[in-house]
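# Structure at a glance
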Amino acid sequence: TADVVPQAPEDALFGLAAAFRRDESPNKVDLGIGAYRDNNAKPWVLPVVKQADDILRSDPNLNHEYLPIAGLAEFTSASQNLVLQGDSPAITDKRITSLQTVSGTGAVHLGALFLSKFYKPNTQRTAYFSDPTWPNHFQIFSNVGLPYKTYPYFHKETKGLDFEGMVNTIQSAEEGSIIVLHACAHNPTGVDPTQEQWKKLAELIRAKKHFPFFDTAYQGFASGDVARDAWAIRYFVEQGFELCIAQSYAKNFGLYGERAGCFHFVTSPSPDAQSTVSRVASQLAILQRSEISNPPAYGARIASKVLNDRDLFAQWEKDLKTMSGRIIEMRKALRGKLEELGTPGKWNHITEQIGMFSFTGLTEKQVDSLRETSHVYMTKNGRISMAGLNTNNVEYFAKAVDKAVRE
Ligand code: LMR
């Protein structure tokens, strides 16, 4: 068999991170992978995570036993409360079932795998992703044999949302398609629908009997307000949709390598809802057991400690504001510098986009030139991880962009 295995390309994002590490220039700037950095370009352990960590480590009863298949119960229930904001009818009616997963990737995978087995089996089902989307969506869904297409999302001229294009494609998609939606701080564009647009999307998705699949990786990280960043999901749940949610704690807790996440399945209100949820939960447990047996404990313990403690939660909200606030400052600084330099083009989108990323509009050629001449590392689609900018390098980066754009 070995000789029929073709060489696969290196993962673009992790390849970029490796190239950055190899670069010896003192000026190098890493705007690639979406991971928060402090103003000194260093990874940041959230103060609340440090606190929770200290509490956990001082517990003499802490051990390394297996978690249950569905994960730590106090973590999954707190995750429901966070993503649906507490008093949601899905929680009070017990119409939701949740499993702890290997971060957001594991949650997207578990959801896709479940849908591949149980959503309209033996019919042609298609998942729709935004164009562009997080590239991993494509390979996760194709690995479980679900075909996919895309809906327009980013408007090249306005560098905002192509709402009309999005609506037209979702409208003409085969009834009952799976529509994958980024709950907030869309990756890679930083462009989100407004609440009015979300309402229209919900109407359309209902009319077409589509199945919404939310991916939420930036709750609280985007705006600094956990309720605001969860608005779209909460709204869809209030509208009574059957849907699923893939939730990551990588960015909002800085628990990247600990792989803490959660998958939620919510069913519509009906007299059978609790029985549906119980059947769904039983199948999800088998899928989980066969793939990872049970999820990793440590990151979930940390998040759970914080989510279930009023004081720690308040500290977490402060930490979220520190991260989102610094990113907003960098957006202002970058736009300001580019406008000061008179860099050709408009740069208002830098401050209008939200979350970890800005979709700059720089071309692949300009991205290559930035890397070659200025040691700036960003993805070929022109996305920058805003957290890679700081008060020491934002001017250097703006000047490098100015040069690349004028070339
Ligand atoms: C990113 O898009 O940079 C992050 O979500 C990291 C990842 O896993 O791709």
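Residues numbered from 1 in each chain as written. Predicted model: local features only at pLDDT ≥ 70, side-chain atom pairs only at ≥ 80, totals over all residues. Heavy atoms only, no water.

Counted according to the given criterion, the structure contains 12 salt bridges. Ionic pairing is found between Lys-50 and Asp-54, a salt bridge with its closest N-O pair at 3.0 Å. Of this pair, Lys-50 and Asp-54 both sit in helix α2 (residues 47-57), separated by four residues, roughly a single helical turn. What makes Asp-54 partly exposed here is its relative accessible area of 39%. A salt bridge links Asp-368 to Lys-380, with the nearest nitrogen and oxygen atoms 3.3 Å apart. Pair noted here: Asp-368 is in helix α16 (residues 364-374) and Lys-380 is in the loop between β12 (376-377) and β13 (383-385), with a separation of 12 residues, a long-range link. (Salt bridge = Lys/Arg side-chain N within 4 Å of Asp/Glu carboxyl O. Helix = DSSP H or I, 4+ residues; strand = E, 2+ residues; numbered from the N terminus. Buried < 20%, exposed > 50% of the residue type's maximum accessible area, 1.4 Å probe, protein only.)

The element helix α13 (residues 298-307) is largely enclosed, with a buried count of eight among its 10 residues. Residues Gly-299, Ala-300, Arg-301, Ile-302, Ala-303, Ser-304, Val-306 and Leu-307 constitute the buried set of α13. Elements in contact with the buried residues of α13: α2, α3 (73-84), β2 (96-102), α11 (250-253), β10 (260-266) and α14 (310-341). (Contact = heavy atoms within 4.5 Å.)

Let's shift gears to the site of the ligand. Taken together, the residues surrounding the ligand are Leu-13, Ile-33, Gly-34, Trp-134, Asn-187, Lys-251, Phe-357 and Arg-383. Take Lys-251: an N or O atom from its side chain is 3.0 Å from an oxygen atom of the ligand. Within the contact set of the ligand, an oxygen atom lies 2.8 Å away from a side-chain nitrogen or oxygen of Arg-383. In isolation the ligand exposes 260 Å². Once the protein is present, 80% of that is buried. (Near = heavy atom within 4 Å. Polar contact = N/O pair within 3.5 Å; in protein donor to acceptor, adjacent residues only side chain to side chain. Areas by Shrake-Rupley, 256 points an atom, 1.4 Å probe, with all protein chains shown as cover.)

Our next topic: the domain arrangement of the protein chain. As far as domains go, the protein chain holds domain 1 (11-45 + 324-406) and domain 2 (73-308). Each of domain 1 and domain 2 was reduced to a C-alpha centroid, and the two centroids are 29 Å apart. Listed by partner, the interface residues are 18 residues for domain 1 and 18 residues for domain 2. At the boundary of domain 1 with domain 2, total buried surface from both sides reaches about 1500 Å², with 63% on carbon and sulfur atoms. Viewed at the interface, domain 2 and domain 1 are joined by zero salt bridges. Summed over the shared surface of domain 1 and domain 2, the result is five residue pairs in polar contact (both at pLDDT 80 or more). Mapped by element, the contributors of at least two residues to the side of domain 1 that touches domain 2 are α14 and β11 (357-359). Element by element, the count of residues in the side of domain 1 that touches domain 2 is highest for β11, at three residues. In terms of residue class, the side of domain 1 that touches domain 2 is built from seven nonpolar, nine polar and two charged. (Domains from an automatic or database assignment. Buried area = accessible area lost by both parts, 1.4 Å probe. Nonpolar A, V, L, I, M, F, W, Y, C, P; charged D, E, K, R; others polar.)

Looking now at the environment of Lys-120. Among the secondary structure elements, Lys-120 is positioned in the loop between α5 (103-118) and β3 (127-131). You can call Lys-120 partly exposed: its relative accessible area is 39%. With 57 residues separating them along the chain, Lys-120 and Ser-177 place their C-alpha atoms 9.8 Å apart. Contacts of Lys-120, omitting those with residues within four sequence positions, involve Arg-125 and Gly-176.

Quick look at the nonpolar core now. Of all hydrophobic cores here, the largest spans 58 residues; its most connected members are Phe-253, Trp-316, Leu-334, Met-378, Leu-389 and Phe-397. By residue number, the principal contributor to this core is α14, which donates eight residues. For this core, the two domains that each supply at least three residues are domain 1 (11-45 + 324-406) and domain 2 (73-308). The residues touching Leu-389, leaving out its near neighbours within four places in the chain, are Leu-31, Arg-326, Met-330, Leu-334, Ile-384, Val-394 and Phe-397. (Core = buried A, V, L, I, M, F, W, Y, C linked by side-chain atoms within 4.5 Å.)

As a packed pair, α5 and helix α6 (residues 136-143) sit with axes 9 Å apart at the nearest point and diverge in direction by 35°. Here α5 runs over α6; the crossing is right-handed. Note on element contacts: α6 touches α5 through Asn-136, His-137, Ile-140 and Phe-141, opposite Thr-105, Val-108, His-109 and Ala-112. (Axes fitted to C-alpha atoms, helices over the stretch in contact; angles between N-to-C directions. Left-handed = near helix turned anticlockwise from the far one by under 90°.)

Let us look at the packing of aromatic side chains. Counted according to the given criterion, the structure contains 26 aromatic pairs. On the basis of an interplanar angle of 80° and a centroid distance of 5.4 Å, the ring pair of Phe-313 and Trp-316 is categorised as edge-to-face. Of this pair, Phe-313 and Trp-316 both sit in helix α14, three residues apart, which is roughly one turn of that helix. By relative accessible area, which is 0% here, Trp-316 ends up buried. A connected cluster of aromatic rings, assembled from ring pairs, spans Trp-198, Phe-214, Trp-231, Tyr-235, Phe-236 and Phe-241. One residue, Arg-206, lies across the ring of Phe-241, its end atom 4.9 Å from the ring centre. (Phe/Tyr/Trp six-rings, centres within 6.5 Å; stacked < 30°, edge-to-face > 60°. Lys NZ or Arg CZ within 6 Å of the ring centre and 35° of its normal.)

Most of strand β9 (residues 243-248) sits out of view: six of its six residues are buried. Residues Leu-243, Ile-245 and Gln-247 of β9 are buried on one face, and the alternating residues Cys-244, Ala-246 and Ser-248, pointing to the opposite face, are buried as well. Alignment of β9 against β10, held across six bridges, turns out to be antiparallel. Looking across to β10, one finds that Cys-244 is bridged to Phe-265. (Pairing = 2+ DSSP bridges.)

In this section: the sheet that holds strand β8 (residues 211-216). Pairing in this open sheet of seven strands is mixed, and the strands run β2-β10-β9-β8-β7-β3-β4 from one edge to the other. Pairing within the sheet leaves two strands with one partner each, and these edge strands are β2 and β4 (148-152). Pairwise comparison of adjacent strand axes, ignoring direction, gives a mean angle of 25° for this sheet. Here β2 pairs with β10 via seven bridges, running antiparallel. By the bridge assignment for β10, Thr-101 is matched with Gly-261.

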